[in-house]
Every structure is written in structure tokens, then in C-alpha cells.
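Here is what each chain is made of, one letter per residue.
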Amino acid sequence: MGGCAGSRRRLLDSEGEETAPEPRPRLLDRQGALWKNAMGFWLLGLCNNFSYVVMLSAAHDILSHQRASGNQSHAVLLADILPTLVIKLLAPLGLHLLPYSPRVLVSGICSAGSFILVAFSHSVGTSLCGVVLASISSGLGEVTFLSLTAFYPRAVISWWSSGTGGAGLLGALSYLGLTQAGLSPQHTLLSMLGIPALLLASYFFLLTSPEPQDPGGEEEAETSARQPLINSEAPEAKPDSSSNLSLQERWNVFKGLLWYIVPLVLVYFAEYFINQGLFELLFFRNTSLTHAQQYRWYQMLYQAGVFVSRSSLRCCRIRFTWVLALLQCFNLAFLLVDVWLSFLPSIYLVFLIILYEGLLGGAAYVNTFHNIALETSDEHREFAMAAACISDTLGISLSGLLALPLHDFLCRLS
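Rules of the game
Residues numbered from 1 in each chain as written. Predicted model: local features only at pLDDT ≥ 70, side-chain atom pairs only at ≥ 80, totals over all residues. Heavy atoms only, no water. Helix = DSSP H or I, 4+ residues; strand = E, 2+ residues; numbered from the N terminus. Contact = heavy atoms within 4.5 Å. Core = buried A, V, L, I, M, F, W, Y, C linked by side-chain atoms within 4.5 Å. Buried < 20%, exposed > 50% of the residue type's maximum accessible area, 1.4 Å probe, protein only. Salt bridge = Lys/Arg side-chain N within 4 Å of Asp/Glu carboxyl O.

Draft legend 1. Highlighting the environment of Asn-331. Following the sequence through the fold, Asn-331 ends up in helix H11 (residues 322-341). A sequence separation of 26 residues divides Asn-331 from Glu-357, and the C-alpha atoms of the two residues are 7.1 Å apart. When near neighbours in sequence (up to four residues on either side) are disregarded, Asn-331 contacts Ile-274, Ile-353, Tyr-356, Glu-357 and Leu-360.

Draft legend 2. Main features of the nonpolar core. By size, the foremost hydrophobic cluster in this structure holds 70 residues, and its most contacted members are Phe-41, Leu-44, Phe-145, Leu-148, Tyr-203 and Phe-369. Among the elements that line this core, the one with the most residues is helix H1 (residues 24-65), at 10 residues. Residues contacting Phe-145, with those up to four places away along its chain left out, are Phe-41, Leu-44, Asn-48, Val-104, Trp-160, Leu-199 and Tyr-203. Listed in part, the 23 residues of the second largest apolar core include Phe-273, Phe-284, Val-339 and Leu-410.

Draft legend 3. Examining the pattern of salt bridges more closely. Applying the stated rule across the entire model yields 4 salt bridges. Notably, a salt bridge pairs Glu-375 with Arg-319, separated by 3.3 Å at the nearest N-O pair. One end of the pair, Glu-375, is in helix H12 (residues 347-375); the other, Arg-319, is in the loop between helix H10 (291-310) and H11, and 56 residues separate them in sequence. Residue Arg-319 is classed as partly exposed on the basis of its relative accessible area, which comes to 27%. The closest approach of N and O atoms between Asp-378 and Arg-381, which form a salt bridge, is 2.8 Å. Taken as a pair, Asp-378 and Arg-381 lie in helix H13 (residues 378-388) at a separation of 3 residues, close to a single helical turn. Each member of the pair, Asp-378 as well as Arg-381, carries the same accessibility label: buried. One network of salt bridges, in which partners are shared, links Lys-88, Glu-142 and Asp-392.

Rendered as C-alpha cells:
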């Protein structure tokens with residue numbers, strides 16, 4: 001077993017022939033690059049959504065100080081959703097013409113601008129402009145960074161998703177903590193201007209330059225065993241810009257993506273219908289928690305579930321995301337019946353359901369983009385990731401159209 005101590009160890013390739021192992025310095029360099037890219041995408045996900053979560057919370061605070069009406073609160077929701085929706089609708093058609101670095105710069109500048117505008121706002125209109133800038137930053141960033149994953153190992157999708165999940169939890173906690181510690185909303189926002197700077201630093205200084213590489217790694221065996229669901233008849237090629245795809249090719253790829261887009265739209269529709277329309281109506285009087293405290297617990301448990309499941313790809317992978325969509329729709333129906341009939345005896349049962357709701361939503365997000373990365377060809381992957389980004393925003397938009405009127409209707413009945 002021992003052999004000669006000075007002999008060089010060799011490996012057997014797939015055909016049984018001996019091949020020399022990869023030199024150790026080169027292997028260490030590759031491992032270092034993998035970790036740099038993993039941390040880079042985690043920070044990009046964190047910063048991209050962190051600024052958005054913090055700024056939106058602050059906008060609501062400032063609107064309340066400016067005595068904004070209910071209609072103006074609805075205007076915040078529109079300013080929050082519409083810019084992102086427009087960006088994601090147009091992204092697969094023309095955003096590829098713009099190089100990545102300018103896109104990241106625009107995203108970072110818009111994020112910083114949203115903090116500054118909302119911090120120094122003296123009117124509802126200025127606050128809404130801050131919300132719009134944050135929406136542009138978040139939407140443009142998500143399209144850009146998910147498209148960028150096409151040029152890196154697929155594992156970075158898990159790291160990006162985990163970062164976005166952490167942003168919801170850490171963003172809400174940091175804003176609440178700093179304001180509770182005595183800082184004004186203005187000073188709290190100005191203290192967070194480092195977040196856009198960290199986003200830019202992560203992209204320009206932490207990520208390594210994409211190199212020709214096998215993006216599959218440990219997942220290659222799993223990929224080869226699958227029958228691709230998305231048209232990929234073109235010869236194998238290294239990841240390249242999708243700007244060379246014709247409109248017909250884009251349409252063919254998009255039709256294949258519907259298998260993934262539709263379930264994710266349904267998940268986010270049901271999820272945000274619950275969050276926007278039902279959270280405030282799930283009120284229990286047989287507890288020491290006030291109405292506002294109950295609502296904050298719902299939000300916190302939801303964000304915790306999202307963070308855990310968006311970080312779970314290495315432990316649990318789900319190919320058939322339709323199952324998650326059906327389970328989330330069942331959650332919506334169950335909680336809607338409870339709002340109507342009030343049959344649940346304890347708030348802790350609702351806590352469990354809302355944690356479960358977050359777990360389903362986060363799992364649907366990370367598994368959808370992971371499956372798209374596995375089952376698209378290299379030349380289609382960049383376009384496919386950008387096109388599928390519309391799913392969550394479309395589901396949120398549709399839920400807002402129905403959840404807000406239903407919420408007002410149920411409030412009038414109670």
C-alpha cells in the first residue's frame with residue numbers, strides 16, 4: 001500500500017489511464033478564486049436587497065411623519081413595484097447591449113441616491129422618488145447579477161440567493177435596531193451609505209474575472225442524467241453574451257422557461273397576497289403581544305424562513321417547483337379562511353404557518369434559478385437567467401392588485 005515515498009501520486013481518468021494530479025499551487029489558486037466568488041456573490045445579494053429593504057422601511061416612517069394618507073401609502077407600493085417590473089420586462093430585450101460594469105455603477109448610484117433622497121426628504125414626492133430609485137437599483141441589480149452567474153460556477157447561484165435572503169432579515173433588524181437606539185431615520189439612513197459602496201467594492205475588487213471553465217463541477221453527473229426541458233440544440237459552447245441570439249431564439253428559450261416562470265409567479269402571488277392582504281387581519285386578542293408587535297413577528301418569521309431556505313441548496317434540491325407553488329396556494333387559502341372564520345386557537349400556529357410560508361418562497365426562488373442554470377445551454381444561460389427574473393416581480397404585482405382591495409373589503413366587514 002505504501003509504495004515508494006518519493007514516487008508521484010497519480011489519478012485514473014474515466015478511461016482507466018493514469019493522469020498526473022493537478023499541481024497544488026494551481027489547485028489552491030482555484031479554491032481561493034471559488035471562495036472569493038462565493039463571498040462576492042453573497043455580498044452582492046446582501047447589498048442589492050439590503051438597501052431596498054432599509055430604504056422602504058424608512059420611506060414609510062417619513063411618510064407617516066409627513067401625515068401621508070392611505071392613498072399615498074398605496075403610491076409607495078406602486079413606486080416600489082412598477083420600476084422593477086418595467087426593468088425586468090425590458091431586460092431580456094435590450095439590457096444585454098449595456099456592459100456589466102456600467103450597470104453595476106448605475107445600480108450602486110441609485111441605491112446611494114435613494115438613501116440620500118429619503119433621508120433629506122421634506123415632502124411625499126421626494127420620498128416617493130427615493131422609493132423609485134431603490135426599486136431601480138434592486139431590479140437592475142437582480143437582473144445584472146443573476147445574468148452574471150452564467151459566467152461562473154453554478155454554486156454562486158446558491159450564494160447569491162443566500163445573500164438576498166439575509167438582506168431581508170438583517171436589513172429590517174439593522175434599521176429597527178438603530179432607530180430604537182435613538183438615531184433618527186435621517187441619521188440611520190446616512191449611516192448606511194456604506195452599503196452601496198460595499199456592493200461596488202464586491203463587484204470590482206472581490207469577484208475574479210470569469211475564465212473558461214466547467215460550470216458544473218460536482219453537479220455534472222446530475223446534469224448529464226437529465227433530459228433538458230429548455231431548447232438547447234446548439235453545439236456546446238463556453239458561456240458567451242446572449243446579444244448574439246436572434247429574436248426567434250429568444251422566444252424559443254422563453255417558451256421553455258415557462259415551466260419555471262409560472263410556478264414561481266404563483267408562489268410569489270400567494271406569498272405576497274398573504275403578506276400584503278392578510279398579515280394585518282391575523283390579529284389575536286388572547287396574547288400579550290400588541291397588534292403592531294404581532295405584525296412585526298409575522299414579518300420577522302417570514303424573513304427568517306426565506307433566509308434559511310434560500311441558503312439550503314447544498315442540503316436540499318427540488319426539481320419540480322410546481323409542488324411548492326401548490327403548497328403556497330394552499331397556505332393562502334387556509335389563512336384566508338381563518339381570517340374569515342377565525343378558527344385557529346393560537347397565534348403560535350400562525351407563527352408556524354408564516355415560517356413555513358417563508359421556507360416555501362425561498363426554496364422556490366433558489367431552486368428555480370438553479371434548475372434553469374442546470375438545464376440551459378451555455379449560450380442561452382445568460383438570457384435565460386435575465387428573462388426568468390420577471391417571475392417574482394410579476395407575482396408581487398398581481399397580488400398587489402387583488403390583495404389591497406380585498407384587505408380593504410375585509411376591514412369594512414370586521
